[in-house]
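# Structure at a glance
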Amino acid sequence: MFGVVLFYTTSAAIRAEKLLKGAGLAVKLIPTPRQFSSDCGIALRFDWTEAERARALLNEATVDTAGTHRMG
Amino acid sequence: MIYLDNAATSWPKPPEVLRAMADFLERAGGNPGRSGHRLSVEAGRIVYGAREALADLFNAPDPLRIIFTPNGTTALNLALRGLLRPGDRVVCSGIEHNSVMRPLRALERQGVRLTVVPCAPDGTLDLSELSCAVVPGTRLIVLNHAGNVMGSILPVAGAAPVAHAAGALLLVDAAQTAGSLPIDVQADGIDLLAFTGHKGLLGPPGTGGLVIGEGVDVGELEPLVRGGTGSYSEHQEQPADLPDRYESGTPNGVGIAGLAAAVRFVMERGIEAIRQHEMALASALIDGLSDIPRVTVYGPRDTTERTAVVSFTVAGRRVSEIGLRLEDEFGVLCRVGLHCAPAAHRTIGTFPEGTVRLVPGVFTMMDDVRAALRAVRKIVES
């Protein structure tokens, strides 16, 4: 199962990707799933088992996110 | 050919810059921030990498507060026109470039109150004179970090406490200094730093930006351009988030890729090493020119107070004639005239004729300087 983090800007998404990849998490930037947002931007997909770690890392680095969702 | 016009634009560029630009077009040609596919995302990564490199270079705490613009002039316009409202007081120096003076004069017609603090004839600025002009309630101090005509360095770090004590912000025009002088926006207290990518930073033309300090309330800094950002597409209002608030429209990805490589080159070589190299050449130019009869060299004598921009005139000779002969007879490329800075030329007493300006760069060699000096001497003596 995957989780997906949404962002307000692409720059924040890329910053988050760099941060989580650097910490060894398996992440991928994907087009924002339409069920979560009507935005045309990108979102960061991660392995749901690493949700806590992802959230902690993003919080610590004060990356501005627009919410985290679970994807089937 | 000897290229001594590095204050207009640096040339040549490091090979890494050309490679990064070709790589962007070949491998990452998507539109950054617009789509979710790999070409768009890779372009976005490259643009973000450039923000990080610039944040490192200027010691800016947040890469997302580095706004890319097409050039330094647009960055200055964004800061000036975004911040100043009718009735606001703004103070600038007497050696500002037209990229500052023209927007300020237009704002003055709309009711902004402008005070210009004169500089000394060598282009330096006395901090106490600046302090006198900055009354409480002043909105902004604008300072040219270094003059593009005579190379004088203005005391920006000293101006920061003056600005902040009056409740003003400090905007620094780093067109002539980014890449050539150390700049630390936090230690120097710079609230807004406008830079260009194609001069001392050694990047391609079409790049520049504005570093927005943490002390600037972006709610009070209006965007210059509004439009698509790839974010908040459902809204017809401009987003408030940075950098999107100030970066509408497709960015110059290929230029920014080149700029990122250029900034990394500059940081690897080291600002101090670059400064030493450029100032050794500039000192040789100043000394050599001063030895030629009828030549006047402008700017501070103390090399710690100046950059490598060297301007001179020859009594009884037109600067345009000297420039033409330097190129035609000796292959020396320079810039003559007013250099878009009439205020600076009035300060040093060379308005309206202007000066001949010789500016060595990172890739200039001492032999180039010697050849240029021989050329000037021959022209003067003939």
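Since the structure is predicted, the reported quantities are computational estimates derived from the model, not experimental observations. (Residues numbered from 1 in each chain as written. Chains lettered and ligands numbered in written order. Predicted model: local features only at pLDDT ≥ 70, side-chain atom pairs only at ≥ 80, totals over all residues.)

### Observations concerning the overall build of chain A
When helices and strands are tallied, chain A shows two helices and four strands. When the elements of chain A are put in sequence order from the N terminus, they spell out β-α-β-β-α-β. For chain A, whose C-alpha radius of gyration is 11 Å, the value lies close to the compact-globule estimate of 11 Å for 72 residues. Taking the principal axes of the C-alpha coordinates as reference, chain A spans close to 30 × 25 × 15 Å. Counting over 72 residues, chain A shows a buried share of 40%. Taking the intrachain contacts of chain A between residues at least 6 apart in sequence as the baseline, contacts between residues at least 24 apart amount to 69%. (Helix = DSSP H or I, 4+ residues; strand = E, 2+ residues; numbered from the N terminus. Rg over C-alpha atoms; globule rule 2.2 N^0.38 Å. Buried ≥ 20, exposed ≤ 12 C-beta atoms within 10 Å, placed from the backbone. Contact = placed C-beta atoms within 7 Å.)

### Looking at the interface of chain B and chain A
Across the contact, 19 residues belong to chain B and 16 residues belong to chain A. Residue composition of the side of chain B that touches chain A, grouped by class: seven nonpolar, seven polar and five charged. (Nonpolar A, V, L, I, M, F, W, Y, C, P; charged D, E, K, R; others polar.)

### As for the sheet that holds strand S6 (residues 169-173) of chain B
Residue and element names in this part refer to chain B. The mixed open sheet is built from seven strands, whose spatial order is S2-S8-S7-S6-S5-S3-S4. On the outer flanks of this sheet lie strand S2 (66-69) and strand S4 (113-117), each paired with one strand and no other. Ignoring which end each strand starts from, the neighbouring axes of this sheet average 20 degrees apart. Bridge count for strand S3 (residues 89-93) against strand S5 (residues 140-144) is three bridges, and the pairing is parallel. Paired with Val 91 across the bridge in S5 is Ile 141. Sheet strands in contact with helix H2 (residues 38-58) are S2, strand S7 (192-196) and strand S8 (208-212), and its direction is about 115 degrees off that of S2. Each of S5 and S6 touches helix H6 (residues 156-165); the most contacted strand, S6, lies at about 155 degrees to it. (Pairing = 2+ DSSP bridges. Axes fitted to C-alpha atoms, helices over the stretch in contact; angles between N-to-C directions.)

### Thoughts on H6(B)
Residue and element names in this part refer to chain B. Those residues of H6 that sit buried are Val 156, Ala 159, Ala 160, Val 162 and Ala 163. At its buried positions, H6 is contacted by helix H5 (127-133), S5, S6 and helix H7 (185-188). Just downstream of H6 lies Gly 167, where phi reads positive at about 80 degrees.

### Remarks on the sheet that holds strand S9 (residues 295-297) of chain B
All names here are of chain B. Sheet architecture is open: four strands sit in the order S9-S10-S13-S12, paired in antiparallel fashion. Either end of the sheet is taken by a strand with one partner, and the two such strands are S9 and strand S12 (335-337). Sheet twist, expressed as the average angle between the axes of neighbouring strands with direction ignored, equals 30 degrees. Across three bridges, the pairing between S12 and strand S13 (residues 355-358) is antiparallel. When the bridges of S13 are listed, Gly 337 appears paired with Thr 355. Relative to the sheet, helix H10 (residues 319-330) contacts strand S10 (310-314), S12 and S13, its axis offset from that of S12 by approximately 165 degrees.

### Some words on the packing of helix H9 (residues 271-290) of chain B against helix H12 (residues 366-381) of chain B
Describing two packed helices takes the angle between their axes plus the distance from one axis to the other. Residue and element names in this part refer to chain B. It is the contact of H9 with H12, at a shortest axis distance of 10 Å, that shows an interaxial angle of 20 degrees. Here H12 runs roughly parallel to H9, going by the angle between their axes. When you trace H9 past H12, the crossing you get is right-handed. On the side of H9, the interface is formed by Leu 281, Ala 284, Leu 285, Gly 288 and Leu 289, while H12 contributes Met 366, Val 369, Leu 373 and Val 376. (Parallel < 35°, antiparallel > 145°, perpendicular 65-115°, else oblique. Left-handed = near helix turned anticlockwise from the far one by under 90°.)

### Brief notes about the environment of B:Ala344
Residue and element names in this part refer to chain B. On the secondary structure map, Ala 344 appears in helix H11 (residues 342-348). Taking the number of C-beta atoms within 10 Å as the measure of exposure, Ala 344 has 30 and is therefore buried. Each C-alpha atom of the pair Ala 344 and Glu 272 lies 27 Å from the other, and the pair is 72 residues apart in sequence. Excluding its chain neighbours within four sequence positions, the residues that come into contact with Ala 344 are Ile 95, Gly 123, Gly 147, Val 149 and Met 150.

### A few points about the confidence of the model for chain B
Caution is warranted with low-pLDDT regions, since their predicted coordinates should not be read in detail. Across chain B, the average pLDDT comes to 96, with 100% of residues at or above 70. Both scores are available for the predicted complex, with the pTM at 0.95 and the ipTM at 0.83. (pLDDT = per-residue confidence, 0-100.)

### Overview of the domain arrangement of chain B
Residue and element names in this part refer to chain B. Each domain of chain B was delimited in the assignment, giving domain 1 (2-10 + 271-381) and domain 2 (15-269). Measuring from the centre of the C-alpha atoms in domain 1 to the corresponding centre in domain 2 gives 27 Å. Listed per partner, the contact involves 31 residues of domain 1 and 33 residues of domain 2. If you list the elements that add at least two residues to the side of domain 1 that touches domain 2, you get H9, S10, H11 and S13. Among the residues making up the side of domain 1 that touches domain 2, the classes are represented as 15 nonpolar, eleven polar and five charged. (Domains from an automatic or database assignment.)

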